[in-house]
Amino acid sequence: MSLKLYNTLTRKVETFEPLGGNKVRIYVCGVTIYDRCHLGHARALVIFDLLYRFLKDKGYEVDFVRNFTDIDDKILSRAQEEKVSWKEVVQRNLHAFQEDFKDFGLLTPMVEPRATEHIADMIHLIELLMQKGVAYASDGEVFFSVKKFPAYGKLSGQTLEELRSGTRVEVNPKKKDPEDFVLWKASREGEPSWPSPWGPGRPGWHIECSAMSLKYLGSPFDIHGGGTDLIFPHHENEIAQSEGATGKLFSQFWIHNGMVTLQSEKMSKSTGNLTRVQEILKKYPAEVARFFLLTAHYRSPLEFSWELLEQAEKAVSRGYTALKSLREGLEEDQLPDKIQDLLPLQNIWQRFEGALDNDLNTPVAIAVFFEAVKAIHQAFANSKRISHSSHQPIFEEAQKGFRKIASILGAFEKDPNDYFQKSRLTQTSLTDSEIHAQIRLREEARSRKDWKQADIIRQKLYDEGIVLEDTPKGTIWKINF
RNA sequence: GGCGGCGUACCCAAGUGGCUAAGGGAGCGGUCUGCAAAACCGCGAUUCACCGGUUCGAAUCCGGUCGCCGCCUCCA
């Protein structure tokens, strides 16, 4: 099975083959830490995390780099607004990032470089660009000369003229051509600055990603990722800088994820049209958010609403319910003696992998998972459970497949009981033992057929966010999301 | 204006030339249950924005129309 990915550079789905044998090198643009992250950031993080997991599973040795932009105009203006130091803004939002994403199942990248820790690398790169004659200094600033790089526009599919016609920003008079972009900025009074051959200043936005990716991955490397909104100008400029400096191809694949929308409009920090990760985690486990982000293909826009998140939660619960039956059936050696339809349970991993091989088609991959979930439910609902079921090998195989799938999705990895009972803090103030005490009281009421009292207890728990289910094995409880 | 993409059931979402148009959620009827919940069974798009065309055959290819979105400015 070979992985096919849509390459923005060629605008085609292409078979992915690493440049360096078994080694895959990926660079993904991370976030600028001037504010709390919203769901759009989460989507990019989750999608590239899935790709990372999938490549590792295929046996590749993956060098995965994801940066933090910790110096730029927004950070400075935020610091000014709040009358705190820019370092404080950075530190606070870095903590917030870690807090927001700690339960998202994001694998730790090989390196998470920060721009401010690579100033020297950027200066070197700029010097190299100056030597090559594609960059020029002007009054303490350094610009990249776009017309010296003939391939400019190859990623965004636009010619220089086309890009020019759309120019809406006022032109910095220090530039020779309006499309030139800044590599190094002169610092103003009170702004952070680093010494450089062109005077004290700070790096432009694009140069950090070139410097850090080239440093940790070399070039060419395999995959460069980020949101579609980064294609122009950020990634276009990265290509210009990196290829201009090295004379070599920068990245062979460019993968871009679609935007998360809110009321059909792109989520964006600058417009305030957003839902923060933090808000979502108050109502749902991170796992539900992660699952939700994978329900659409990564290149499509994904509309967020609380109703859609609720739908995702229902789906996750359904999955866990099946995993719970399967797990307990195997543990207790009480498995169905009949299975109506074996197909959905066979080769689930292969079919799941096949879906992801097709340009990371997570909706199909998830559908494969749910076909198997349904088959488990059917078997357990429509057949007697016996010990030493002749179907045990099939169920064991299915469980292995589920585990493998879960390890790629980064969801359904928990003990189902933990998912149902511990996956978030509810509004409930009740402790485990208090809930069990209530359940025991209700059991007593039920045993004397005092249905009224039993229902009062159940309703009381329901009001506390706890749902009871009476099963043949006794009453169990779940958090009601 | 340029570039890219989308429009599939009540909602979300796959399918990119040919088995009965996946999967999830909601709804309705039924089974189970003291009642619920969960789960199961059944129902639900003769149809894929619209109009033409190509083809033995199209949601899938081509042309046009309408509507929506992203980028062209900081942005995942």
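Along every chain, residues carry numbers that run from 1 in the direction the sequence is written. Whichever chain is written first becomes A and whichever ligand is written first becomes 1, with later ones labelled in order. At least 70 in pLDDT is required for a residue's local features to be given in this predicted model, at least 80 for side-chain atom pairs to be given and counted, and no such filter applies to totals for whole chains, interfaces and linings, which use all residues. Remark: hydrogens and water are excluded; side-chain values derive from all non-hydrogen atoms of the structure.

## Overview of the pattern of salt bridges
Here is the rule: Whenever Lys or Arg places a side-chain nitrogen within 4 Å of a carboxyl oxygen from Asp or Glu, that contact is recorded as a salt bridge. Here a helix means four or more residues in a row that DSSP labels H or I, a strand means two or more in a row labelled E, and each is numbered from the N terminus. Burial classification: accessible surface area is computed with a 1.4 Å probe over protein chains only, and a residue below 20% of its type maximum counts as buried, one above 50% as exposed, and the rest as partly exposed.
Per the stated rule, a full pass over the model turns up 44 salt bridges. Between D177 and K147 there is a salt bridge; the shortest N-O distance is 3.3 Å. Residue D177 is located in the loop between α5 (160-165) and β7 (181-186), and its partner K147 is located in the loop between β6 (141-144) and α5; the two are separated by 30 residues in the primary sequence. Overall, the relative accessible area of 17% leaves D177 in the buried class. Across the pair R327 and E331 runs a salt bridge whose closest N-O atoms are separated by 3.5 Å. With R327 and E331 both in helix α10 (residues 306-331) and 4 residues apart, this pair spans about one turn of that helix.

## Regarding the domain arrangement of chain A
In plain terms, the rule: Throughout, the edges of the domains are those of an automatic or database domain assignment.
The assigned domain composition of chain A is domain 1 (4-257), domain 2 (306-416) and domain 3 (425-479). On a C-alpha basis, the centroid separation for the pair domain 2 and domain 3 is 28 Å.

## Some words on the packing of helix α1 (residues 39-57) against helix α9 (residues 286-293)
Put simply, the test is: Every axis in this analysis is a line fitted to C-alpha atoms, fitted for helices over the stretch in contact. Angles between the N-to-C directions lie between 0 and 180 degrees. When an angle is under 35 degrees it counts as roughly parallel; over 145 it counts as roughly antiparallel; between 65 and 115 it counts as roughly perpendicular; any other value is oblique. Only heavy atoms enter the contact rule, under which two residues are in contact if any of them lie within 4.5 Å. Gly falls in the polar group here, along with every residue not listed as nonpolar (Ala, Val, Leu, Ile, Met, Phe, Trp, Tyr, Cys, Pro) or charged (Asp, Glu, Lys, Arg).
Running from amino to carboxyl end, α1 crosses α9 at an angle of 80°, the nearest separation of the two axes being 9 Å. With respect to α9, the element α1 is oriented roughly perpendicular. Taking contact as the criterion, the partners of L39, A42, R43, V46, D49, L50 and R53 in α1 are, on α9, R290, F292 and L293. A per-class count over the contact of α1 with α9 returns 6 nonpolar, no polar and 4 charged.

## Side note on the sheet that holds strand β4 (residues 61-69)
Condition: Two strands pair under a simple rule: DSSP has to find at least two bridges between them.
In space, the 4 strands of this open sheet follow the order β4-β3-β9-β10, with parallel pairing throughout. With one partner strand each, in any of the chains shown, β4 and β10 (251-257) form the two edges of the open sheet. Strand after strand, the sheet turns through a mean of 20° between neighbouring axes, direction not considered. Where strand β9 (residues 221-227) and β10 come together, 6 bridges link them in parallel fashion. Note that in β10 the partner of G226 across the bridge is H256. Along the sheet face, helix α6 (residues 207-217) touches β3 (23-32), β4 and β9 and points at about 155° away from the line of β4.

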